[in-house]
Amino acid sequence: MNVRADDDTETETDRPAGNSRTLTLTVCSAAIGGTFQYGYNLSIINAPTNHIQRFINDTYWERWGTGLDTSQVTLLWTVIVSAFSLGGLTGALLAGPMAVRCGRKNSLLLNNSFLFLGAVLALTSRAARSVEMIVLARLLVGVNAGVSMNVQPMYFGESAPKHLRGAVAFSSAVFTAFGIFLGQVVGLTELLGTEPLWPYLLASNALPGLLQLLTLPWFPESPRYLLMDRGNKEACARALGRFRGGADFSLEMEEMLQEHADAGGATAKSQTPWDLFSNRSLHPQLRTVMAASSAMMLCGNDSIYFYASYIFLAAGIPMEKVQYVSIGTGACEFTAAVVCNLLIERVGRRVLLSGGYALMAVWALVFTLALTLQGYSVPGMPYLSMVCVFCYILSFGMGPAGVTGILPAEIFDQTARPAAYMVAGSLMWINLLIVGMAFPFIVSYLDALCFIPFCCVCVAASLFVGLTLPETKGRTLAEITAEFDRRNLLKKGPEKQGPEPMKEQYQLGKALSLTTVDPEAQWSHRVKKNDIECLCD
């Protein structure tokens, strides 16, 4: 039995009439110094590759009186690139405790300290003749990206109304793609991609961080954090009032208070990753998040940005045209993310995620065929290879790029959400590091078949998501949890199912209306609409 009679049917209370510019401006302010930084710092390192490699060799010569061979320079360059992923892993582990202790908004503000220190190190590295400063700068920038990639979707998912939750949370992916695109543009040789200016290119990420510091303090904290973590009902009501722009949020407030009561009220404590692994009832959700987060990096999409020039040179693109073709990849993902942002509340999460991976698998096979025929000098294959790369990125941007970051916010409650993002973020950065370091060797040993491993990942991810993930569009956390429980019970066998879960049990304001509960205890957990209106006043 489905939890909702009609998932696509929304009542008047599901879709508030009000409209607030505050939520839109909050999204822009948080994202420009958040996931935008991840995409920006992912792409700007590609343009000065040759300049930094030459700097590595020159610095080694000045210190030791001898130069490095090509393999040694490549190894040091790989260390610089990989430092970003190692920093991201550190940031992912820091994000959970920061989000709980400092709040979602304050965590994003404090996160800029890593960014500014990294920018200073990058800007002064050439004057100091220090390759180590570049490595440390990339490490700190990675920490910044790791924190923002986890905290920002959490902040958005907790601040948006239910009918806009997916679109608002997906804006994280839009700003990531925008950062990739803008980083490629700024890295052009006509701008900051020249040999004298590469330190300024690496330090240019400080400007978006400064913009966030000047704007984000004016916007509210996450309402759910204020209520469930801080126990401040008045501050929660004020934040909801600003985010909803005058719309009636009484039922939304009731839902949050009910969720807070179900979680233990004031005695509820934030869970750790170990708590998630120890709680068998959360294993289905945890498996889904772990699989989706791992697949997002193991699909090989980000390798295209790390090694874009190598891919296009192998596809037959002239060296002088590579930088302009690379901009096309960023523009492609940005366009796909914008389109998906408009579709996510219509199509749903599962279709976009599973369908995106399925399309990526198809284009990986076509790309492999094109590279194979290119080895036999078949005309037009280099251009077909380039088209396949664009379509691969387009398919990634249409689903996996944004939906993956939404899942922990939608399928875990307030106490488990930070820990879930810690697990998901750690897996993302570990797998990004593995793929980033392994991709050159994959290309070296597999040559034209280099995308076959990624194709296998995409097929497996598409099947797993399609079979295990319930649709979360427009559903409350209680409804999503009930669907996970129902699927899990079916897998264990009908003899262990027991009675079907009652729909009323998961409806707003009725989560404790079981016959085994004392009526007075039930009423003590109910929230009267008049009380909420008093809070708003």
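Residues numbered from 1 in each chain as written. Predicted model: local features only at pLDDT ≥ 70, side-chain atom pairs only at ≥ 80, totals over all residues. Heavy atoms only, no water.

Explain the overall build of the chain here, please?
Along its length, the chain carries 25 helices and zero strands. Per-residue burial over the chain gives 55% buried out of 537 residues. Sequence separation of 24 or more characterises 82% of the internal contacts of the chain that already satisfy a separation of 6 or more. As presented, the chain carries roughly 22,700 Å² of accessible surface, and 64% of it is formed by carbon and sulfur atoms. (Helix = DSSP H or I, 4+ residues; strand = E, 2+ residues; numbered from the N terminus. Buried < 20%, exposed > 50% of the residue type's maximum accessible area, 1.4 Å probe, protein only. Contact = heavy atoms within 4.5 Å. Areas by Shrake-Rupley, 256 points an atom, 1.4 Å probe, with all protein chains shown as cover.)

Would you mind showing me how to read helix H9 (residues 206-215) here?
It helps to recall that an α-helix has 3.6 residues per turn; residues three or four apart then point in one direction. Those residues of H9 that sit buried are Ala206, Pro208, Gly209 and Gln212. In a view along the axis of H9, the buried residues occupy a sector of 165°, so they form one face of it. Summarising the geometry of H9, the exposed residues directed more than 90 degrees from the buried face are Leu207 and Leu214. For H9, the elements touching its buried residues are helix H1 (21-32), helix H2 (35-44), helix H5 (104-128) and helix H8 (198-203). (Arc of directions from axis to C-beta.)

In this structure, what is going on with the packing of aromatic side chains? I would like to understand it.
Considering all chains together, one arrives at twelve aromatic pairs under this definition. Centroid distance Phe36 to Phe178: 5.6 Å. Interplanar angle 45°. Geometry classified as tilted. Within this pair, whereas Phe36 is found in helix H2, its partner Phe178 is found in helix H7 (residues 165-186), the two being separated by 142 residues in sequence. With a relative accessible area of 2%, Phe36 lands in the buried category. We classify Phe178 as partly exposed; its relative accessible area is 28%. Each ring, one from Tyr38 and one from Phe84, has its centre 6.2 Å from the other, and the planes form 20°; the classification is stacked. Placement of Tyr38 in helix H2 and of Phe84 in helix H4 (residues 70-102) is noted, with a sequence separation of 46 residues between them. Here the two residues Tyr38 and Phe84 agree in accessibility, since each one is buried. (Phe/Tyr/Trp six-rings, centres within 6.5 Å; stacked < 30°, edge-to-face > 60°.)

How should the nonpolar core be read in this particular structure?
Nonpolar side chains tend to gather and get buried jointly when the protein is soluble and globular. In terms of nonpolar packing, the biggest core is built from 73 residues, with Tyr38, Phe170, Tyr357, Tyr392, Phe412, Trp429 and Phe451 touching the most fellow members. Looking at this core element by element, the count peaks at ten residues for helix H21 (residues 417-446). When residues of this core are assigned to domains, at least three map to each of domain 1 (20-219) and domain 2 (270-491). With residues up to four places along the chain from it excluded, the contact list for Trp429 reads Tyr38, Phe84, Ser85, Gly88, Leu89, Ala92, Ala145, Gly146 and Met149. Counting 46 residues, the second largest nonpolar core, distinct from the first, contains Ile56, Leu68, Ala160 and Phe219. (Core = buried A, V, L, I, M, F, W, Y, C linked by side-chain atoms within 4.5 Å. Domains from an automatic or database assignment.)

For this particular structure, what's the right way to read the side chain of Ser426?
On the secondary structure map, Ser426 appears in helix H21. The residues contacting Ser426, other than those within four sequence positions of it, are Leu89, Ala92 and Leu93.

Could you clarify how one ought to interpret a nonpolar patch on the surface in this entry?
Together, Leu365, Phe441, Tyr445, Leu446, Leu449 and Ile452 make up an exposed nonpolar region whose accessible area comes to about 630 Å². The greatest single-element share of the nonpolar patch, amounting to three residues, is contributed by H21. With respect to the helices and strands, Leu449 occurs in the loop between H21 and helix H22 (452-468). (Patch = residues over 30% accessible without salt bridge, like charges linked within 9 Å, V, L, I, M, F, W, Y side chains within 5 Å. Salt bridge = Lys/Arg side-chain N within 4 Å of Asp/Glu carboxyl O.)

In this structure, what is going on with the pattern of salt bridges? I would like to understand it.
Where charged atoms of side chains with opposite charge meet at close range, the side chains can pair. All told, the structure shown has nine salt bridges when counted by the stated rule. Its salt-bridge partner being Arg63, residue Glu132 comes within 2.9 Å of it at the nearest N-O pair. A residue pair is termed long-range when its members are at least 10 positions apart, and Glu132 in helix H6 (residues 131-159) and Arg63 in helix H3 (residues 49-64) qualify at 69 residues. A salt bridge links Glu158 to Arg104, with the nearest nitrogen and oxygen atoms 2.8 Å apart. With Glu158 in helix H6 and Arg104 in helix H5, this pair connects stretches of sequence that are 54 residues apart. A single burial state applies to Glu158 and to Arg104, both of which are buried. Through salt bridges with shared partners, a single ionic network connects Arg104, Glu158 and Arg417.

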